[in-house]
Amino acid sequence: MLQEMTQADYRDVLAATQAGVCIVFKDLCPHCANMEKVLEKFGRLQPGAVLLGLDIQKNPDAAAALGAERAPTLLIIRNGAIIRKKTGLLNPKELLALYQEA
Amino acid sequence: MKPEHHCDCLILGGGPAGLTAAIYAARAKLSAVILESNITGGLVNSTYIVENFPSYPSIHGMELMRRMRAHVDGLGVPVEEVCAVERLDLAGKVKTAETDEAVYRAPAVILATGRKPVALETPTECDQVHHCAICDGAPYAGKRVLVAGGGNSAFDESLYLLSLGVAHVTLIEVMPRFFAAAAAQEALFASGKAQGHTETRLVDLEVTGGRLTAALLENTATGETWREPVDGVFAFLGQIPNNALFAEQIELTKAGYIPAAVDMATSLPGVFAAGDIVDKPFRQITTAVADGTVAALSAERFLRGR
Ligand SMILES: Cc1cc2nc3c(=O)[nH]c(=O)nc-3n(C[C@H](O)[C@H](O)[C@H](O)COP(=O)(O)OP(=O)(O)OC[C@H]3O[C@@H](n4cnc5c(N)ncnc54)[C@H](O)[C@@H]3O)c2cc1C
């Protein structure tokens, strides 16, 4: 469901994303697992959005370069650039609103 | 129009109580659905290591709950996660739960919504903040901890932490006095290993290299601030039962818990309760699992006897 990015390809993947959301997550983090489910629901409400993921433990430098210090952090992407960042929990409606206002 | 689903038993909450209820419901050939506002696993998901669940001497909380969930999935019980129950109607023979996506109807309901700790709000977060001394106290033997809260549970849990070998407890209460029973206060301070501060609040946490090193405290009466070196923080600011969905519909205790009968029946026919939401003295995974078992078997008996 989520396209997982790595240290090696995150720049290219982000640059090629017209509109989407990226979750910076950590394994065994319940809030991240929750946000991944929220993203799945959001994906059904907004089928055009690209859904990306970056594991902060496997890719610490990439996460730091994206300004994500904590997991979960959500990044809203438009035209290859990050235009909004939000840390912590959101429900699918809140995420949709954040995405649409961004 | 939202799609409608009919089943024998609706289970609200997918913590240990709800997941166990689902296993027993499935084994009893009842059709059941779990509606979970977050992800399944409940409070155990945020427990670093569980060391008192029989068969796993030591297991990460999320891992334990993944296994419980896999057991439920193996029995084919549908689970709706991140699902907002917008309306719950427990009256009448057929109960209804309307979520953001669908309407569910069933003659039996198991309420297993658990509770949530009152959060400790600090600008800095860290993994060494806990809400359960039984669960997370052991690694602090020989170390210093801060206990936030001045009620019975803060004092009882501080005494328990000392019994585990914790070297020193600094206990803070934001109000001008501690509210715990005098005997508990005496016992704690007589230990010589505890210091209490009233009118004191936690301003922030100092984290170095990912580990907690100190708490920054403030005396709210004098404005004095200081740095208290600690290795862990235990917050006992109280727990809130997750009862908002049904508070107006079934009998609750003054504290907001469900006074369930021995068969987990509530004040409404066909509505059963299980786990931490129940009024009881000990709230652990094993007691939640036991309640889930009884609630599902009672729901089965109720359904067969109609
Ligand atoms: C920090 C901590 C550590 C702990 N460690 C241990 C330990 O090591 N060993 C041990 O035995 N016990 C431990 N406990 C206690 C144990 O976690 C609980 O007793 C147990 O989780 C209770 O299970 P439950 O299913 O009743 O409730 P919960 O685990 O609270 O699950 C309730 C579920 O219901 C969901 N829910 C709430 N409201 C709604 C709603 N309106 N609609 C749908 N779903 C809803 C919640 O999201 C949650 O998933 C610990 C508790 C804490 C706080």
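Please refer to the structure placed before this passage.
As the structure is a computational prediction, the values presented were derived from the model and not from experiment.

K.L.:
Help me understand the packing of helix α2 (residues 30-45) of chain A against helix α4 (residues 92-101) of chain A, please; the structure alone is not making it clear to me.
P.N.:
The description of two helices packed together rests on the angle between their axes and the distance between the axes. Residue and element names in this part refer to chain A. Contact geometry of α2 with α4 gives a least axis separation of 9 Å together with a crossing angle of 60 degrees. The angle between the axes of α2 and α4 places the two elements in the oblique class. Along this stretch, α2 crosses α4, giving a crossing that reads as right-handed. Two secondary-structure elements touch here, α2 through Val-38, Leu-39, Lys-41, Phe-42 and Leu-45 and α4 through Pro-92, Leu-95, Leu-96 and Tyr-99. Here the contact of α2 with α4 is built from residues that sort into eight nonpolar, no polar and one charged.

K.L.:
What am I meant to see in the interface of chain A and chain B here?
P.N.:
In this complex, chain A contributes 14 residues to the contact, which on the side of chain B involves 15 residues. For the pair chain A and chain B, the summed buried area comes to about 1200 Å², and 55% of that belongs to carbon and sulfur atoms. Summed over the three residues of chain A that lose the most area to chain B, namely A:Leu28, A:Pro30 and A:Lys41, the buried surface amounts to 45% of that side. The tally of links between chain A and chain B comes to six salt bridges. Across the pair A:Arg44 and B:Glu101 runs a salt bridge whose closest N-O atoms are separated by 3.8 Å. In this structure, the connection of chain A to chain B is made through five residue pairs in polar contact (both at pLDDT 80 or more). Secondary-structure elements contributing two or more residues to the side of chain A that touches chain B are α2 and α4 of chain A. Of the residues contributing to the side of chain A that touches chain B, the split by class is six nonpolar, one polar and seven charged.

K.L.:
It is not clear to me how the pairing of strand β5 (residues 81-87) of chain A should be interpreted in this structure. Could you clarify?
P.N.:
Residues and elements named next belong to chain A. Summarising the sheet, strand β4 (residues 73-78) and β5 pair through six bridges and their orientation is antiparallel. Within β5, the residue paired with Thr-73 across the bridge is Thr-87. Connecting the antiparallel pair β4 and β5 is a turn made up of two residues, with Asn-79 showing a positive phi of about 50 degrees.

K.L.:
Help me out: how do you make sense of the sheet that holds β5(A) in this one?
P.N.:
Backbone-to-backbone hydrogen bonds join strands into a sheet, with any given pair of strands oriented parallel or antiparallel. Residue and element names in this part refer to chain A. Taking strand neighbours across the sheet as the criterion, the five strands line up as β1-β3-β2-β4-β5 in an open arrangement whose pairing is mixed. In this open sheet, the two strands that pair with only one neighbour each are β1 (3-5) and β5. Ignoring which end each strand starts from, the neighbouring axes of this sheet average 25 degrees apart. Running over the sheet, α4 touches β2 (19-25), β4 and β5 and is turned about 35 degrees from β4.

K.L.:
Hey, could you run me through α2(A) in this one?
P.N.:
Side chains three or four residues apart in an α-helix point the same way, a direct result of the helix having 3.6 residues per turn. Here α2(A) contains 16 residues, and its C-alpha end-to-end distance of 23 Å stays within 8% of the 22 Å for a straight helix at 1.5 Å per residue. Looking only at α2(A), the buried set comprises A:Pro30, A:Cys32, A:Asn34, A:Met35, A:Val38, A:Leu39, A:Lys41, A:Phe42 and A:Gly43. If you follow the buried residues of α2(A), they end up packed against β2, β3 (50-55), β4 and α4 of chain A together with α2 (61-74) of chain B.

Calculation criteria
- Residues numbered from 1 in each chain as written.
- Chains lettered and ligands numbered in written order.
- Predicted model: local features only at pLDDT ≥ 70, side-chain atom pairs only at ≥ 80, totals over all residues.
- Heavy atoms only, no water.
- Axes fitted to C-alpha atoms, helices over the stretch in contact; angles between N-to-C directions.
- Helix = DSSP H or I, 4+ residues; strand = E, 2+ residues; numbered from the N terminus.
- Parallel < 35°, antiparallel > 145°, perpendicular 65-115°, else oblique.
- Left-handed = near helix turned anticlockwise from the far one by under 90°.
- Contact = heavy atoms within 4.5 Å.
- Nonpolar A, V, L, I, M, F, W, Y, C, P; charged D, E, K, R; others polar.
- Buried area = accessible area lost by both parts, 1.4 Å probe.
- Salt bridge = Lys/Arg side-chain N within 4 Å of Asp/Glu carboxyl O.
- Polar contact = N/O pair within 3.5 Å; in protein donor to acceptor, adjacent residues only side chain to side chain.
- Pairing = 2+ DSSP bridges.
- Expected span 1.5 Å × (residues − 1).
- Buried < 20%, exposed > 50% of the residue type's maximum accessible area, 1.4 Å probe, protein only.

Any link to function would need more than the numbers given here.
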